[in-house]
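Listed here are the chains, written in short residue letters.
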Amino acid sequence: MKFTDSPVIELPINGAVLSLQQDNGSMHVGTSVWPCSLVLAKFAERWANKNDSSNPYSRLLDFSTRRRAVELGTGCGVAGMAFHLLGLTDLVLTDIAPVMPALKHNLKRNKQTLGKNLKSAILYWNNQDQIKALNPPFDVVIATDVVYIEESVGQLLNAMEALVADDGVVLLGYQIRSPEADKLFWELCDKAFLIEKLPHDHLHPDYAYEETDVYILRKKKKNLGHNVGNFSA
């Protein structure tokens, strides 16, 4: 799999082609297309429309039952747009305010392909009012390449736990960006979520590489005394 710093990234999904414009010179990491978003999108495409007994993800990716979704740290929007094309249509894309212009530009750029205006919202992971305004819980939380700063790990996990339904899933595209953030993330994640790492050969063969993984996170049953907001970096 080859990644590029080209100004425009094209991603074929479900018979359509998404065209994502990125700005690698920006001071905000969210204005670049990060590899894990492509990896997760193509994993979902590989299995979403394969409706037979050999598909281990038929229930996971059945978007007729998993209806509401939110993406954290959506950046240029590639993963969210891809999941929309795969049938996850009740979806809101979120990121911090400085990234919104890049996201909205790409939503407009792909409007004809997407067929509708996808919802977007400003979300800082430590802002409880913004989290509540999204009207959780969600059946699916999408997140890719979101673990790279140790200081934000606790906020991210609080947001994930607050947003996902008790019977929902977090679909996480992951690559180690910071050893410190990585260590803390999995330590805290284990407190709230059951963690399933998918076999690497289940990823799309043309959109996978050794350093990248896909995880499914599901909420553990709540213990007494454990509430959202207890994570801190």
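In this text the structure is predicted, and so the values were computed from the model without any measurement.

A. Broad picture of the overall build of the protein chain. Per the secondary structure count, the protein chain includes seven helices and nine strands. With 233 residues in all, the protein chain has 52% of them scored as buried. Long-range pairs, those at least 24 residues apart, make up 74% of the contacts in the protein chain between residues at least 6 apart in sequence.

B. Local environment of the packing of helix H1 (residues 35-48) against helix H2 (residues 78-85). It is at 8 Å that the axes of H1 and H2 come closest, and there the two elements cross at 10°. One finds that H1 runs roughly parallel with respect to H2. Residues Ser37, Leu38, Leu40, Ala41 and Ala44 of H1 lie in contact with H2, whose contacting residues are Val78, Ala79, Ala82 and Phe83. The residue inventory of the contact of H1 with H2, partitioned by class, reads eight nonpolar, one polar and no charged.

C. Structural context of the environment of Leu72. Following the sequence through the fold, Leu72 ends up in strand S3 (residues 68-72). For Leu72, a relative accessible area of 0% gives the class buried. The spatial distance from the C-alpha of Leu72 to the C-alpha of Ala143 is 5.2 Å, given a sequence separation of 71 residues. Leu72 has contacts with Thr94, Leu123, Trp125, Val141, Ile142, Ala143, Val146, Leu156, Met160 and Leu163, leaving out every residue within four places of it along the chain.

D. Representation of H2 in the model. Burial within H2 is extensive, with eight of its eight residues counted as buried. Phi turns positive, to about 115°, at Gly87, one or two residues after H2.

E. Local environment of unusual backbone geometry. Each neighbour pair has its own omega, and for Pro136 with Pro137 the value is 15°, a cis peptide bond. Note that Pro137 resides in the loop between helix H5 (128-133) and strand S6 (138-144). One non-glycine residue, Asn135, adopts positive backbone phi at about 65°. Inspection of the secondary structure puts Asn135 in the loop between H5 and S6. Residue class for Asn135 comes out exposed when judged on its relative accessible area of 51%.

F. Region of the structure containing the packing of helix H6 (residues 153-163) against helix H7 (residues 179-192). Running from N to C, H6 and H7 cross one another at 30°; their axes reach a closest spacing of 9 Å. Relative to H7, the element H6 lies roughly parallel. Classified by chirality, the crossing of H7 by H6 is right-handed. Contacts from Val153, Gly154, Leu156, Leu157 and Glu161 in H6 reach Ala181, Leu184, Phe185, Leu188, Cys189 and Ala192 in H7.

G. Representation of the sheet that holds strand S9 (residues 213-219). Ordered in space as S5-S4-S3-S6-S7-S9-S8, the seven strands form an open sheet in which the pairing is mixed. Each edge of the open sheet carries a strand with a single partner, namely strand S5 (119-122) and strand S8 (193-197). On average, adjacent strands in this sheet sit at an angle of 20° to one another, irrespective of strand direction. With four bridges connecting them, S3 and strand S4 (residues 90-95) associate as parallel partners. By the bridge assignment, Val70 is partnered in S4 with Val92. Against the sheet, H6 engages S3, S6, strand S7 (164-174), S8 and S9, with an angle of about 140° to S7. Sitting on the sheet, H7 is in contact with S7, S8 and S9, with an inclination near 120° to S8.

H. The arrangement of the packing of aromatic side chains in detail. Inspection of every chain in the model, using the stated rule, returns eight aromatic pairs. Counting every residue linked through ring pairs, the aromatic cluster contains Tyr174, Phe185, Trp186 and Tyr215. In this arrangement the basic side chain of Arg68 is found over the ring face of Phe138, its NZ or CZ atom lying 4.2 Å from the centre.

I. The nonpolar core, seen in detail. Residues Phe43, Tyr57, Leu61, Phe83, Ile142 and Leu171 are the most contacted members of the largest nonpolar core, which totals 46 residues. If one sorts the elements of this core by residue count, H1 sits on top with eight residues. What Leu171 contacts, discounting residues up to four positions off in sequence, is Leu40, Leu60, Leu61, Phe83, Val140, Val141, Ile142, Ala143, Tyr215 and Ile216. In terms of nonpolar packing, the next biggest core, distinct from the first, is built from 33 residues, Trp125, Phe138, Met160 and Leu172 among them.

Procedures and definitions
Residues numbered from 1 in each chain as written. Predicted model: local features only at pLDDT ≥ 70, side-chain atom pairs only at ≥ 80, totals over all residues. Heavy atoms only, no water. Helix = DSSP H or I, 4+ residues; strand = E, 2+ residues; numbered from the N terminus. Buried < 20%, exposed > 50% of the residue type's maximum accessible area, 1.4 Å probe, protein only. Contact = heavy atoms within 4.5 Å. Axes fitted to C-alpha atoms, helices over the stretch in contact; angles between N-to-C directions. Parallel < 35°, antiparallel > 145°, perpendicular 65-115°, else oblique. Nonpolar A, V, L, I, M, F, W, Y, C, P; charged D, E, K, R; others polar. Left-handed = near helix turned anticlockwise from the far one by under 90°. Pairing = 2+ DSSP bridges. Phe/Tyr/Trp six-rings, centres within 6.5 Å; stacked < 30°, edge-to-face > 60°. Lys NZ or Arg CZ within 6 Å of the ring centre and 35° of its normal. Core = buried A, V, L, I, M, F, W, Y, C linked by side-chain atoms within 4.5 Å.

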